[in-house]
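What the coordinates show
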Amino acid sequence: MLSRLAPCCCSDAQDRNQLTFNNAPTTDDSGMVCISEELAGTRPYQASPPGEELARSRPYQASPPAAVSRLRSPHPTEEGSSFRSLTEEEKTAEKDRLQSLVNSFAKRAVRGCPCFYVREGTGERLSTHYRIDKSLGYLLVLSTQDRRLQEVSCPIAAIQDIYSFIEDGEACFPPEVIKHLTPEQKEMLLMVVYRSGARLFRFCLLEMSMETRDVFLECLRVLCIYAQSAPNWAT
């Protein structure tokens, strides 16, 4: 299990385009996340506060197979050692890669990224967008009828795991979701599991491509670890 990350390494309080964690003020739609060496040394994850809209997410009744959260590395010692074995140039290159990837994703996600929201009960696919709020604290799936409303409001710090069909297989997903998808659509399928109080909730999304699927997985992992490192997050 990864230890908590060090605070964000950004120090320029004058940057008006910067979005930071820990409820820092934001001034526009752009995003900035700073990657510490500790975070760069962990394995990439490849492959409005919750109100009444939370009830639209399906309660998570059963644990999928191997429900060990990949949001935190299962082998931190091995992976940390691997990162420490890199040269300084390789470490810098990896930090820069992750920094660029997460910043680019955050800027897009604050504005809204296209996706399909899959209703678990019926398997209906709804063309919509997901967003991340400007504090980078909530993952929002927007209503298909009114983008001022949300189908789901998921606290990023409360995310327990994110499953992808391509890596985790059919057994991890609700059957009614799987049976309505083509083989190509299954490759884009994701399921986010998060905690609210004593209960777990889940919701399913289809990304638009394999590339955006992988970026979503890796960047949400980073954002989740940052959100959980905030002083006011209750463990």
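Presented here is an overview of the structure given in this document. (Residues numbered from 1 in each chain as written. Predicted model: local features only at pLDDT ≥ 70, side-chain atom pairs only at ≥ 80, totals over all residues. Heavy atoms only, no water.)

1. Quick notes on the overall build of the chain
What the chain contains, in helices and strands, is 7 helices and 8 strands. A total of 235 residues make up the chain; the buried ones form 49% of that total. Here the chain has roughly 11500 Å² of accessible surface; of this, 51% comes from carbon and sulfur atoms. (Helix = DSSP H or I, 4+ residues; strand = E, 2+ residues; numbered from the N terminus. Buried < 20%, exposed > 50% of the residue type's maximum accessible area, 1.4 Å probe, protein only. Areas by Shrake-Rupley, 256 points an atom, 1.4 Å probe, with all protein chains shown as cover.)

2. Some points on the nonpolar core
Phe105, Phe203 and Phe216 are the most contacted members of the largest nonpolar core, which totals 37 residues. Top contributing element to this core by residue count: helix α7 (residues 210-228), with 10 residues. Not counting residues within four places of it along the chain, the set of residues in contact with Phe203 comprises Tyr117, Leu139, Val141, Val152, Cys154, Leu190, Met191, Val192 and Tyr194. Val118, Cys172, Cys204 and Leu206 belong to the second largest nonpolar core, which has 14 residues in total. (Core = buried A, V, L, I, M, F, W, Y, C linked by side-chain atoms within 4.5 Å. Contact = heavy atoms within 4.5 Å.)

3. Brief notes about the packing of aromatic side chains
Enumeration over the complete set of coordinates arrives at 5 aromatic pairs. On the basis of an interplanar angle of 65° and a centroid distance of 6.0 Å, the ring pair of Tyr194 and Phe203 is categorised as edge-to-face. Neither Tyr194 nor Phe203 differs from the other in exposure class; each is buried. These aromatic residues form a ring-pair network of at least three members: Phe105, Tyr130 and Phe216. Over the aromatic face of Phe116 sits the side chain of Arg125, whose NZ or CZ is 5.6 Å from the ring centroid. (Phe/Tyr/Trp six-rings, centres within 6.5 Å; stacked < 30°, edge-to-face > 60°. Lys NZ or Arg CZ within 6 Å of the ring centre and 35° of its normal.)

4. Some details on unusual backbone geometry
Even without glycine at this site, Leu136 takes up a positive phi of about 60°. Mapping Leu136 onto the fold places it in the loop between β3 (125-132) and β4 (138-142). According to the relative accessible area criterion, Leu136 is buried, its value standing at 1%.

5. Brief notes about the pairing of strand β5 (residues 150-155)
Taking burial as the measure, the 6 residues of β5 include 6 buried ones, the bulk of the element. Bridge count between β4 and β5: 5 bridges; the pairing is antiparallel. Across the sheet, the residue bridging to Leu142 is Gln150, located in β5. (Pairing = 2+ DSSP bridges.)

6. Topic: the side chain of Arg202
Structurally, Arg202 can be placed in strand β8 (residues 199-206). For Arg202, a relative accessible area of 16% translates into the label buried.

7. Observations concerning helix α3 (residues 88-111)
Along its 24 residues, α3 runs 35 Å from first to last C-alpha, staying within 8% of the 34 Å computed at 1.5 Å per residue. Once α3 finishes, Gly112 follows within two positions and takes phi at roughly 120°, a positive value. (Expected span 1.5 Å × (residues − 1).)

8. Comments concerning the environment of Cys224
Among the structural elements, Cys224 can be located in helix α7. By relative accessible area, Cys224 is classed as buried at 1%.

9. Re the state of the cysteines
Counting across every chain of the model gives 0 disulfides. Between Cys113, a cysteine without a disulfide, and Cys115, which holds the nearest cysteine sulfur, the sulfur-to-sulfur distance is 8.4 Å. No disulfide involves Cys224; its sulfur sits 8.6 Å from the nearest other cysteine sulfur, which is in Cys154. (Disulfide = S-S within 2.5 Å.)

10. Examining α7
With 19 residues, α7 extends 27 Å between its outermost C-alpha atoms, agreeing within 8% with the 27 Å of an ideal straight helix rising 1.5 Å per residue. Burial analysis of α7 places 15 of its 19 residues in the buried class, which makes it a mostly covered element.

11. Describing the packing of α3 against α7
Between α3 and α7, whose axes approach to 10 Å, the crossing angle comes to 95°. In terms of their interaxial angle, α3 and α7 are classed as roughly perpendicular. Residues Arg97, Leu98, Leu101, Val102, Phe105 and Arg108 of α3 pack against Val215, Phe216, Glu218, Cys219, Leu220, Val222 and Leu223 of α7. For the contact of α3 with α7, the residue count by class is 10 nonpolar, no polar and 3 charged. (Axes fitted to C-alpha atoms, helices over the stretch in contact; angles between N-to-C directions. Parallel < 35°, antiparallel > 145°, perpendicular 65-115°, else oblique. Nonpolar A, V, L, I, M, F, W, Y, C, P; charged D, E, K, R; others polar.)

12. A few points about the environment of Met208
Structurally, Met208 is set in the loop between β8 and α7. We classify Met208 as partly exposed; its relative accessible area is 43%. Note: C-alpha distance between Met208 and Gln185 (23 residues apart in sequence) is 8.9 Å.

The values reported here are purely geometric and, on their own, carry no functional implication.
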